[in-house]
Amino acid sequence: FNAEFSIVGYKKDIGSKNKNIKLLGYCSDSKKLMSIYDNHNIMILPSYTEAHPYVLDECLARKRPVIIFKEISYVARNRKGVFIIERNIGIFKNTVGYIMQNYKKIQQDMETNNLPTKKNFFDTFAEIFTLS
């Protein structure tokens, strides 16, 4: 690929001399995270297990497609913009190519996602406590 690959999270030196791989380290600042999402086209969630990855909703809210692998396919929940693939470099390359060729259409489709918001979260809790 003629692309830059950024890794957000644990910043252990992976020993790569490739100038296109950037190790950004752990980031908890919401504005910085939004900037990272906005400055990249695709997010890859390489996890083998996940409960509820907030990063998935965060990327979709920024209209950034996400690639996940079959082991955690359940987190996709029929949301537009989530691509579930096998851990295979050929499939990965084809999926990235498809996303980049269809980027605007994928972003338009993502607008139909019903993503959680802070307001929805607090409204749900308020409703629960009102019922008590």
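## Some thoughts on helix α2 (residues 54-61)
So, step 1. Inspection of α2 places L56, D57, C59 and L60 among the buried residues, and these make up the whole buried set. Buried residues in α2, looked at end-on, bunch into an arc of 165°, giving them a common side.
So, step 2. Immediately downstream of α2, the backbone of K63 shows phi near 55°, a positive value.

## What about the side chain of S47?
So, step 1. Position of S47 among the secondary structure elements: in the loop between β3 (43-45) and α2.
So, step 2. One polar contact links S47 to E50, side chain to side chain, over a distance of 2.6 Å.

## Some details on the packing of aromatic side chains
So, step 1. Inspection of the entire model under this criterion finds one aromatic pair.
So, step 2. A centroid spacing of 6.2 Å and a plane angle of 65° characterise the contact between F83 and Y98, whose relative ring orientation is edge-to-face. Taken together, the positions of F83 in strand β5 (residues 82-85) and Y98 in helix α3 (residues 89-101) put the pair 15 residues apart, joining distant regions of the chain.
So, step 3. The exposure class of Y98 is partly exposed, given its relative accessible area of 44%.
So, step 4. Its end group placed over the ring of Y48, R87 keeps NZ or CZ at 3.7 Å from the ring centre.
So, step 5. The side chain of R87 reaches across the aromatic face of F69, ending 4.3 Å from its centre.

## Some details on the environment of N102
So, step 1. For N102, the position within the fold is in the loop between α3 and α4 (103-110).
So, step 2. A distance of 2.8 Å separates the side chain of N102 from the backbone oxygen of Y98, its partner in a polar contact.

## Quick notes on the side chain of T95
So, step 1. Positionally, T95 belongs in helix α3.
So, step 2. Of the residues examined, T95 reaches a relative accessible area of 11% and is grouped as buried.
So, step 3. In contact with T95, not counting residues within four places along its chain, are I67, F83 and I85.

## As for the sheet that holds strand β4 (residues 66-69)
So, step 1. Read from one edge to the other, the open sheet built from three strands follows the order β3-β4-β5, with strand pairing classed as parallel. Looking along the sheet, the strands with just one partner apiece sit at the ends: β3 and β5. Strand after strand, the sheet turns through a mean of 25° between neighbouring axes, direction not considered.
So, step 2. Sheet analysis places β3 next to β4, joined by three bridges and oriented parallel. Within β4, the residue paired with M43 across the bridge is V66.
So, step 3. Here α2 sits on the sheet and contacts β3, β4 and β5; the angle it forms with β4, its principal contact strand, is near 150°.

## As for the pattern of salt bridges
So, step 1. Tallying each qualifying case throughout the model produces five salt bridges.
So, step 2. Across the salt bridge formed by E86 and K70, the nearest N and O atoms sit 3.5 Å from each other. You can see E86 sitting in the loop between β5 and α3 and its partner K70 sitting in the loop between β4 and β5, a full 16 residues away along the chain.
So, step 3. You can call E86 partly exposed: its relative accessible area is 42%.
So, step 4. Residue K105 pairs with D109 through a salt bridge whose shortest N-O separation is 2.7 Å. Residue K105 and its partner D109 are both found in helix α4; the two are separated by four residues, about one turn of the helix.
So, step 5. Since its relative accessible area comes to 47%, K105 is described here as partly exposed.
So, step 6. You can call D109 partly exposed: its relative accessible area is 27%.

How each quantity is defined
Residues numbered from 1 in each chain as written. Predicted model: local features only at pLDDT ≥ 70, side-chain atom pairs only at ≥ 80, totals over all residues. Heavy atoms only, no water. Buried < 20%, exposed > 50% of the residue type's maximum accessible area, 1.4 Å probe, protein only. Helix = DSSP H or I, 4+ residues; strand = E, 2+ residues; numbered from the N terminus. Arc of directions from axis to C-beta. Polar contact = N/O pair within 3.5 Å; in protein donor to acceptor, adjacent residues only side chain to side chain. Phe/Tyr/Trp six-rings, centres within 6.5 Å; stacked < 30°, edge-to-face > 60°. Lys NZ or Arg CZ within 6 Å of the ring centre and 35° of its normal. Contact = heavy atoms within 4.5 Å. Pairing = 2+ DSSP bridges. Axes fitted to C-alpha atoms, helices over the stretch in contact; angles between N-to-C directions. Salt bridge = Lys/Arg side-chain N within 4 Å of Asp/Glu carboxyl O.

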